[in-house]
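Chain residues, written in single-letter form:
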Amino acid sequence: MIKNVSVIGAGTMGNGIAHVFAQTGYKVVLIDVAMEPLNKAWQTIEKNLDRQLAKGVITAQQKQETLQRIALETDLQKGVAEAHLVVEAATENETIKLELFKKIDAAAPQDCILATNTSSISVTKIASVTSRPAQVIGMHFMNPVPVMKLVEVINGYATSAVVTALIVALSKELGKVPALANDYPGFVANRILMPMINEAVYSLYEGVAGVEAIDTIMKLGMAHPMGPLQLADFIGLDVCLSILNVLYKGFGNPKYAPCPLLVNMVASGRLGVKTGEGFYTYSPGAKDLVVSEKFR
């Protein structure tokens, strides 16, 4: 029975995952390499809870109880020592994840389930560096985690049916809608989404249309809540590039080759919302979308 959950990585996804588990009643240990990102994550969780409080979604008591269930930890071994479930939400980098799972496997209790929030990297490969591949599974939450309902549940080649059923039931308990996928590059969400984003970047690169026109056509014509270029900025252009490279390497198909414009933008450090500029420019407190000067 899962009662204690350890979440590794206090970034955007990690703090959202910790928030949702704690709000549902689980004891959570949020783990990162230093206190600075952990304190920042705590502030983000508190701010998001305040937003829920203002909307009447939770009470002041529920806010306090949620925060009381979250502990912060910089020592991975201590952080996973009593875990029934570990959810890894570190950077979308294969080398980092494989090294991390070796450490988690060595430190976590033998009956603990190990989940990865990866959006594209092979769950089977991650499981292969552990001594418990049957207990390794993908739990791909969507950003922002407290709001988005989907959890893409990815079976590795060796994931047991018991573990899959447990994670599906757990996702429902969190108020999410689980959708099962098998372990192939990009799974379902990013195998479909990233080529669309890449094609939008190619349309800009080849002069078919401008940033605003591309996003407007997809929003109004296809009923997308956000245009593909704005969405790429929101996800992070470096993350988009990383996922496209996984798809390109995994399938060996040129249709997944990243657009040179995307490659150059990442190389220049223009990564979207998190750096203040991508296809759009982002200023603190600004609500209107402003196209980057580079594309005007």
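Because the structure is predicted, anything quoted here is derived from the model rather than measured.

Caption draft 1: Seen up close, the overall build of the chain. A tally of regular secondary structure across the chain gives 12 helices and 10 strands. On C-alpha atoms alone, the chain measures out to a radius of gyration of 19 Å, which is about the 19 Å that the 2.2 N^0.38 rule sets for 296 residues. Considered along the principal axes of its C-alpha atoms, the chain spans approximately 55 × 45 × 35 Å. A buried classification covers 47% of the 296 residues belonging to the chain. In the chain, the proportion of contacts linking residues at least 24 apart, taken out of those at least 6 apart, comes to 65%. With an accessible surface of roughly 14,400 Å², the chain has 56% of that area assigned to carbon and sulfur atoms.

Caption draft 2: Structural detail: the nonpolar core. Ranked by size, the top nonpolar core spans 35 residues in total, and within it Val5, Ile17, Phe21, Leu30, Leu85, Phe141 and Ile167 carry the most contacts. A per-element tally of this core places helix 1 (residues 12–24) first, with 6 residues. Not counting chain neighbours up to four residues away, the residues in contact with Phe141 comprise Met13, Ile17, Phe21, Asn117, Leu150, Val151 and Leu174. Listed in part, the 26 residues of the second largest apolar core include Val211, Ile214, Leu237 and Cys240.

Caption draft 3: Structural detail: the pattern of salt bridges. Under the criterion given, the structure shown has 10 salt bridges. Between Lys125 and Glu94 there is a salt bridge, with its nearest N and O atoms 2.9 Å apart. Of this pair, Lys125 sits in helix 6 (residues 123–128) while Glu94 sits in helix 5 (residues 94–107), and the two are 31 residues apart along the sequence. Under the relative-accessibility criterion, Lys125 is labelled partly exposed at 38%. For Glu94, a relative accessible area of 30% puts it in the partly exposed group.

Caption draft 4: Inspection of the environment of Lys172 at higher detail. Summarising the element assignment, Lys172 is placed in helix 7 (residues 161–173). Remark: the alpha-carbon pair of Lys172 and His84, spanning 88 residues in sequence, is separated by 18 Å.

Caption draft 5: Local environment of the pairing of strand 2 (residues 27–31). In this structure, strand 1 (residues 4–8) lies alongside strand 2, joined through 5 bridges in parallel fashion. Across the sheet, Asn4 pairs through a bridge with Lys27, a residue of strand 2. Tracing the backbone out of strand 1, into helix 1 and back to the parallel element strand 2 gives a crossover that is right-handed. Alignment of strand 2 against strand 3 (residues 70–73), held across 4 bridges, turns out to be parallel.

Caption draft 6: A look at the UniProt feature "domain: 3-hydroxyacyl-CoA dehydrogenase C-terminal" (unreviewed entry) in the chain. According to UniProt, the feature "domain: 3-hydroxyacyl-CoA dehydrogenase C-terminal" (unreviewed entry) maps to residues 186–282 in the numbering used here. Here residues 186–282 is 62% helix and 2% strand, with 28 Å between the C-alpha atoms at its ends.

Caption draft 7: Representation of the packing of helix 1 against helix 2 (residues 35–54). The geometry of helix 1 relative to helix 2 is characterised by a closest axis approach of 10 Å and an angle of 55° between their N-to-C directions. In terms of orientation, helix 1 and helix 2 fall into the oblique class. Crossing handedness for the pair helix 1 and helix 2: right-handed. On helix 2, the residues that touch Asn15, Ala18, His19 and Gln23 of helix 1 are Ala41, Thr44, Ile45, Asn48, Leu49 and Gln52. Here the residues of the contact of helix 1 with helix 2 are counted per class, giving 4 nonpolar, 6 polar and no charged.

Caption draft 8: Helix 12 (residues 260–267), seen in detail. Every buried residue of helix 12 is accounted for by Leu261, Leu262, Met265 and Val266. Summarising the axial view, the buried residues of helix 12 lie within an arc of 135°, below the 170-degree limit, and thus occupy one face. Of the exposed residues in helix 12, the ones pointing more than 90 degrees away from its buried face are Asn264 and Ala267. Among the structural elements, helix 8 (189–205) and helix 11 (237–251) are those in contact with the buried residues of helix 12. Count one or two residues on from helix 12 and you reach Gly269, which has phi positive near 90°.

Caption draft 9: Broad picture of the packing of helix 8 against helix 11. At a minimum axis distance of 10 Å, the contact between helix 8 and helix 11 shows a crossing angle of 115°. Between helix 8 and helix 11, the crossing angle belongs to the class labelled roughly perpendicular. Crossing hand, helix 8 versus helix 11: left-handed. Residues Asn190, Arg191, Met194, Pro195, Ile197 and Asn198 of helix 8 form the contact with helix 11, whose own contacting residues are Cys240, Ile243, Leu244, Leu247 and Phe251.

What counts as what
Residues numbered from 1 in each chain as written. Predicted model: local features only at pLDDT ≥ 70, side-chain atom pairs only at ≥ 80, totals over all residues. Heavy atoms only, no water. Helix = DSSP H or I, 4+ residues; strand = E, 2+ residues; numbered from the N terminus. Rg over C-alpha atoms; globule rule 2.2 N^0.38 Å. Buried < 20%, exposed > 50% of the residue type's maximum accessible area, 1.4 Å probe, protein only. Contact = heavy atoms within 4.5 Å. Areas by Shrake-Rupley, 256 points an atom, 1.4 Å probe, with all protein chains shown as cover. Core = buried A, V, L, I, M, F, W, Y, C linked by side-chain atoms within 4.5 Å. Salt bridge = Lys/Arg side-chain N within 4 Å of Asp/Glu carboxyl O. Pairing = 2+ DSSP bridges. Right-handed = clockwise from strand over helix to strand, strands pointing away. UniProt positions renumbered as here; feature names shortened; annotations may be inferred. Axes fitted to C-alpha atoms, helices over the stretch in contact; angles between N-to-C directions. Parallel < 35°, antiparallel > 145°, perpendicular 65-115°, else oblique. Left-handed = near helix turned anticlockwise from the far one by under 90°. Nonpolar A, V, L, I, M, F, W, Y, C, P; charged D, E, K, R; others polar. Arc of directions from axis to C-beta.

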